[in-house]
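Read off the chains here:
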Amino acid sequence: MADVTTADQLDDSVVSEPLDLVRLSLSERVFVKLKGDREIRGTLHGYDSHCNLVLSEVEETVYVMDDDSDVLKTIKKQSEMLFVRGDAVVLISPPQRT
C-alpha cells in the first residue's frame, strides 16, 4: 500500500522533490487541473505518491462545448469532500505565497 501524507506530517519547508511542493500545500486551498476539461479548487487534506488527493470545500468547474451553437458552457458543482484519483490529475497549483 502507498504511503499517505496528511496535514499532521508538516515538518519543514524544504522543497527537494516534486511532491514536497504538494506537501507544503496541505491544509491550503489548491487549484487542480484534471483530464476531461475539469478543474477543481479546494482545501488539500491528503495525497499519496500516485497523486490521489483528498480535498474539502471543493468547487468543480466542467467545461462543455454545446454541439448546436458551438458555445463553451461552464458547469459549476460544489462538494463538501472529494477524493480525486491521481491518474486524472494534470497539475496541482499551490497557493500563492508572498
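This write-up is about the structure you can find in this document. None of these values were measured; they are calculated from a predicted model.

This next bit is on the environment of Val58. Here Val58 shows up in strand β4 (residues 53-66). Sequence separation between Val58 and Arg41 is 17 residues; the distance between their C-alpha atoms is 5.6 Å. Residues within four places of Val58 in sequence aside, it is in contact with Ile40, Arg41, Gly42, Lys77, Gln78, Ser79 and Leu82.

Looking at the secondary structure, you find Phe83 in strand β5 (residues 71-84). Accessibility expressed as a relative area gives 54% for Phe83, which makes it exposed. For the pair Phe83 and Val54, spaced 29 residues apart in the sequence, the C-alpha separation amounts to 4.7 Å.

This part takes up the pattern of salt bridges. Across all of its chains, the model carries 6 salt bridges by this definition. With its nearest N and O atoms 4.0 Å apart, the salt bridge here joins Glu39 to Lys33. A residue is classified by how much of its surface remains accessible, and Lys33, at 24% relative accessible area, is partly exposed. Where Lys73 meets Asp66, a salt bridge forms, and the shortest distance between an N and an O atom there is 3.9 Å. Using a relative accessible area of 46% as the deciding quantity, one classes Lys73 as partly exposed.

Basis of the calculations
Residues numbered from 1 in each chain as written. Predicted model: local features only at pLDDT ≥ 70, side-chain atom pairs only at ≥ 80, totals over all residues. Heavy atoms only, no water. Helix = DSSP H or I, 4+ residues; strand = E, 2+ residues; numbered from the N terminus. Contact = heavy atoms within 4.5 Å. Buried < 20%, exposed > 50% of the residue type's maximum accessible area, 1.4 Å probe, protein only. Salt bridge = Lys/Arg side-chain N within 4 Å of Asp/Glu carboxyl O.

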